[in-house]
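Working through the structure, step by step
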Amino acid sequence: SGPELFFSEYVEGSSNNKALELYNPKTSAADLGEYVLKLYSNGAVGATATLTLSGTLAPGATLVICNAAIAAAALPSCNQTNSSVVNFNGDDAITLERNGAVVDAFGQVGFDPGAAWTSGTVSTVNLTLRRKATATRGRTPPAAPAVWDAAAEWDAFAIDSFDGLGAR
C-alpha cells in the first residue's frame, strides 16, 4: 500500500531530554489524524500512554515531538511537546500506528530487555539514534523470543545530540 510515516530519530538523553522524529516518505501530504503513537513501558503488552496526532505532514517533511521538559537548546526543533508518550526510557517500546495497524515500531512490544536494547555501539539508552539513511520504511520487530536488533536500523550519536532533529 505504499510508504508510511516512520520513526527517523530517537533521543533518549539525560533527564527529560527525549524526542521522537517522524518522517513522511510519501509523495503526498499525510493526514496525521490517522496516526497514533503508543508507548509500552517496561515490557508492557498494553500501551501505557497514547498520543493521537493531528494536522498534516508534507511529503519529505518531519514531525518532531519532544518531552515538555526537554532542554531549551532542543526546543526550536520541536513541533510539539508531550509528556506522556515522550517520557520513555531505554527499555520502553514505542509504536506508530495508522488506522489501528502498526506501521513502525521502536523496540519490541511485550519484551523488557533490562536497561536497554544494545547491539554493538547502538544502545537505546543515553544516546541519540538516527535511522540509517538507507531506511525507506518502518519495521515491526519480531515477537519474543527473537530480539530486536537496533544496530541493523539505527546509527548512534552522543547523548543529548539535538542537531539532527527535524532534518531527516
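Sequence order sets the numbering: in each chain, residues are counted from 1 along the sequence as written. It should be noted that, the model being predicted, local features are given only for residues of pLDDT at least 70 and side-chain atom pairs only at 80 or more, the latter also being counted only at that level, while totals for whole chains, interfaces and linings use all residues. Calculated side-chain values reflect all of the structure's heavy atoms, with hydrogen atoms and water omitted.

1. What to know about the nonpolar core
Using the following cut-off: In this description, a nonpolar core means a group of buried Ala, Val, Leu, Ile, Met, Phe, Trp, Tyr and Cys residues linked to one another through side-chain atoms lying within 4.5 Å. Relative accessibility thresholds used throughout: buried, under 20% of the residue-type maximum; exposed, over 50%; partly exposed, between the two (1.4 Å probe, protein chains only). We count a stretch as a helix when DSSP gives it H or I for four or more residues in a row; a strand needs E for two or more, and each element gets its number in order from the N terminus. Contacts: residue pairs with any heavy atoms within 4.5 Å of one another.
Counting 32 residues, the largest nonpolar core has Phe7, Leu37, Leu53 and Ile94 as its most contacted members. Those elements that provide at least two residues to this core are strand E1 (6–12), strand E2 (18–23), strand E4 (35–40), strand E5 (49–52), strand E7 (62–66), strand E9 (93–98), strand E10 (101–106) and strand E13 (127–131). Element by element, the count of residues in this core is highest for E4, at 4 residues. Once residues within four sequence positions are removed from consideration, Phe7 is found in contact with Leu20, Glu21, Leu22, Leu37, Ile94, Thr95, Leu96, Asp104, Ala105, Phe106, Arg131 and Trp154. Membership of the second largest hydrophobic core comes to 9 residues, among which are Val11, Ile70, Ala74 and Phe162.

2. With respect to the sheet that holds E4
The condition that has to hold: Strand pairing follows a simple DSSP-based rule, namely that at least 2 bridges must link the two strands. With axes taken as lines fitted to C-alpha atoms, and helix axes fitted only over the stretch in contact, angles between N-to-C directions fall between 0 and 180 degrees.
Read across the open sheet, the 4 strands follow the order E5-E4-E9-E10; overall the sheet is antiparallel. The sheet is open, and its two edges are formed by E5 and E10, each paired on a single side. Strand-to-strand twist in this sheet, taken as the mean axis angle between neighbours without regard to direction, amounts to 20 degrees. Taken together, the 4 bridges between E4 and E5 define a ladder with antiparallel strand orientation. Paired with Leu39 across the strands is Ala49, a residue of E5.

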